[in-house]
Every structure is written in C-alpha cells, then in structure tokens.
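Examining the three-dimensional arrangement
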Amino acid sequence: MKLIIAIIKPFKLDEVRDALTPLGVQGLTVSEVKGFGRQKGQTEIYRGAEYHVSFLPKVKIEVAVPSEIAEQVVEAIVKAAHTGKIGDGKIFVLDIERAVRIRTGETDDAAL
C-alpha cells in the first residue's frame, strides 16, 4: 500500500478528484494549507499598498491506494494538476505499513 500526498493549486482540486475516480480511488482527504517553494511567495496590492505574501494557499490531498495502482494515481494527479506555471505543486509517495478500518476491523488493502 502507498500513501500519496499531493500539494496542488486550489483551483485544480476538482480536476484531480475527477481524474482519480475512474482509477478506483474511493476516498481521499483534502486539507487547505499554505506554503511556498521556489517561487518564494508573491507580491500583492491591497488598498493601494504593496504587501509581500510569504505563504501561498495550496491544497493537500492524501490518498491511500494499493501499490499496484500507485503509479497510475501519480500520473493522473500530474496530468490533472499541471498548468505549466511555477507553483504547480509536488507529489510524495510513502509506504504504508498497515491500515485498519475502525468500523469493521478490516486490515490493509481491504481497509482502503
């Protein structure tokens, strides 16, 4: 099993979700986060004054999937979240040692 964490631009969330559904992804967790990468924030103008915004709004998606479809999920996220502009985001893939569905006690792949 793999845990895929993707940090993307907020307006790309629906496209990413729509790309994951046909792959059999049945659930995911979404968090609103702030951060910066190479772009180091941005400058905005508010009421005539210029402000430097250090942290940009992003969306963090976490999805646990069987190892067999992990690469397909990563490719789908890349394709759906891509704009070609700086700040498109990052994807991290981690191994999951164990998963348990609390309601039924199912474990590992069955718990996903």
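Residues numbered from 1 in each chain as written. Predicted model: local features only at pLDDT ≥ 70, side-chain atom pairs only at ≥ 80, totals over all residues. Heavy atoms only, no water.

Focus on the sheet that holds strand S6 (residues 89-95)
Across the sheet, four strands lie side by side as S2-S5-S1-S6; this open sheet has antiparallel pairing. Here the strands that pair on one side only, and so sit at the sheet edges, are strand S2 (29-35) and S6. Ignoring which end each strand starts from, the neighbouring axes of this sheet average 20 degrees apart. Sheet topology places S2 next to strand S5 (residues 56-65); seven bridges connect them, and they run antiparallel. Bridge pairing links Val30 to Ile61 in S5. Of the strands in this sheet, strand S1 (2-8), S2 and S5 are in contact with helix H1 (residues 13-20), which crosses S5 at around 10 degrees. Against the sheet, helix H2 (residues 70-81) contacts S1, S5 and S6, and its axis sits at roughly 5 degrees relative to S1. (Pairing = 2+ DSSP bridges. Helix = DSSP H or I, 4+ residues; strand = E, 2+ residues; numbered from the N terminus. Axes fitted to C-alpha atoms, helices over the stretch in contact; angles between N-to-C directions. Contact = heavy atoms within 4.5 Å.)

Some points on the pattern of salt bridges
Per the stated rule, a full pass over the model turns up six salt bridges. In this structure, the salt-bridge partner of Lys12 is Glu15, at a minimum N-O distance of 3.1 Å. Two residues, Arg17 and Asp18, come together in a salt bridge whose shortest N-O distance is 3.7 Å. When its relative accessible area of 48% is taken as the criterion, Asp18 is described as partly exposed. Put simply, Asp14, Arg17 and Asp18 are held in one network by salt bridges that share partners. (Salt bridge = Lys/Arg side-chain N within 4 Å of Asp/Glu carboxyl O. Buried < 20%, exposed > 50% of the residue type's maximum accessible area, 1.4 Å probe, protein only.)

Quick look at the nonpolar core
Counting residues in hydrophobic clusters, the biggest one holds 18 residues, and the most contacted among them are Ile4, Ile8, Val16, Leu20, Val65, Val73 and Ile77. For this core, the secondary structure elements donating two or more residues are S1, H1, S5 and H2. Looking at this core, the element that brings in the most residues is H2, giving seven residues. Those residues within four positions of Val73 in sequence are excluded, and the remaining contacts are Ile4, Leu20, Leu23, Val25, Val63 and Val65. (Core = buried A, V, L, I, M, F, W, Y, C linked by side-chain atoms within 4.5 Å.)

As for the environment of Glu32
Secondary-structure assignment places Glu32 in strand S2. Through-space distance from the C-alpha of Glu32 to that of Ile7 is 9.6 Å; in sequence the pair is 25 residues apart.

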